[in-house]
Amino acid sequence: ETNQKFGHMVTQDELELYLVQNDCQMKNLQRNDSIPGKIRELNKSFQELFSPIDGYIADKETFDSLTKDISQNRNLLILGAAGIGKTGFIRELTTHLERTTIPHLAIRLDAFPPKTNLQDWGHDLGLPDSPVQCLRSCSPQKTAVLLLDQLDAIRWTSNHQSSATMHMLSLI
């Protein structure tokens, strides 16, 4: 009977029935009430790991451009030399995202590097699944923002793990 489905449209109900009949459990992270609280905790940890220079203000034109790109669901990469203010910029962006109630998750990779796969990394962060899946579960119908700071730090994780680099590339 299974082979008769090849080349034919399968409805969601049929797929769910097939999975249930074959002892497969579907994940529904949207029903996991612990995720939003854990994401808030990780965002607070991000804020606490960075002490801004007194009076730091991001370039308004660049900041406005970035927030416009976010509202248009664009993937962005902030590049620059060490010490020019990328982390301060991201910290200011997290404050903006909080004010505008856009779900976000900010992670410093030097403090929380991935070690094996994205699901295990999520577990290491205290999440029930990968950071991407958990963030998506908080905002299934609207924009959500994943902020990864100190991307260059994964190059210096134990044994220069190439797997960490591969995981970050799959996120990006």
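As the structure is a prediction and not an experimental result, all values here were calculated from the model.

Draft legend 1. A look at the overall build of the protein. Counting its regular elements, the protein contains 7 helices and 2 strands. Put simply, the protein runs from its N terminus to its C terminus through helices and strands in the order α-α-α-α-β-α-α-β-α. In the protein, buried positions account for 34% of the 172 residues. In the protein, of all internal contacts separated by at least 6 residues, the share reaching a separation of at least 24 is 71%.

Draft legend 2. Just the pairing of strand β2 (residues 145-149), in detail. Burial analysis of β2 places 4 of its 5 residues in the buried class, the great majority of the element. Relative to β2, strand β1 (residues 104-108) is paired through 5 bridges, and the arrangement is parallel. Bridge assignment links Leu105 to a residue of β2, and that residue is Leu146.

Draft legend 3. A look at the environment of Asp33. Along the chain, the position of Asp33 falls in the loop between α1 (12-21) and α2 (34-48). Among the residues examined, Asp33 registers a relative accessible area of 72% and is labelled exposed. Sequence separation between Asp33 and Cys138 is 105 residues; the distance between their C-alpha atoms is 9.5 Å.

Draft legend 4. Structural context of the pairing of β1. For β1, the buried fraction is high: 5 of the 5 residues fall into the buried class. Side chains of β1 alternate between two faces, with His104, Ala106 and Arg108 and Leu105 and Ile107 buried alike.

Draft legend 5. Region of the structure containing helix α6 (residues 131-138). Turning to α6, its buried residues number three or more, namely Pro131, Cys134, Leu135 and Ser137. Projected onto a plane normal to the axis of α6, the buried residues spread over an arc of 155 degrees and lie on a single side. If you follow the buried residues of α6, they end up packed against α2, β1, α5 (118-124) and β2.

Draft legend 6. Just unusual backbone geometry, in detail. Its identity as a non-glycine residue notwithstanding, Asn73 has a phi of 60 degrees, on the positive side. Following the sequence through the fold, Asn73 ends up in the loop between α3 (60-71) and α4 (86-99). Relative accessible area serves as the criterion here: at 55%, Asn73 is assigned to the exposed category. Although it is not a glycine, Thr101 adopts a positive phi angle of roughly 55 degrees. Along the chain, Thr101 falls in the loop between α4 and β1.

Draft legend 7. Summary view of the packing of α2 against α4. For the pair α2 and α4, the least separation of the axes is 10 Å and the interaxial angle reads 145 degrees. The two elements α2 and α4 cross, and the hand of that crossing is left-handed. From α2, Asn43, Phe46 and Gln47 reach across to α4, where they touch Ile90, Arg91, Thr94, Thr95 and Glu98. Looking at side-chain class alone, the contact of α2 with α4 contains 2 nonpolar, 4 polar and 2 charged residues.

Definitions and limits used
- Sequence order as written defines residue numbering, which begins from 1 separately in each chain.
- Per-residue local features of the predicted model are confined to residues with pLDDT of at least 70, and side-chain atom pairs are confined, for both listing and counting, to 80 or more; whole-chain, interface and lining totals are unaffected and use all residues.
- Note: side-chain values were computed over all heavy atoms of the structure, leaving out hydrogens and water.
- Numbered from the N terminus, helices here are DSSP runs of H or I no shorter than four residues, and strands are runs of E no shorter than two.
- Exposure classes here rest on a 1.4 Å probe applied to the protein chains alone. A residue is buried below 20% of its type maximum, exposed above 50%, and partly exposed in between.
- By definition, residues are in contact when any of their heavy atoms lie within 4.5 Å.
- The criterion for strand pairing is that DSSP finds at least two bridges linking the strands in question.
- The directions considered for the arc run from the helix axis to the C-beta atoms.
- Axis angles are defined between N-to-C directions and span 0 to 180 degrees, where every axis is a line fitted to C-alpha atoms and, for a helix, only to the segment in contact.
- By definition, any crossing whose near helix is turned counterclockwise from its far helix by less than a right angle is left-handed, and any crossing with a clockwise turn is right-handed.
- For this classification, Asp, Glu, Lys and Arg are treated as charged, while Ala, Val, Leu, Ile, Met, Phe, Trp, Tyr, Cys and Pro are nonpolar and the rest, including Gly, are polar.

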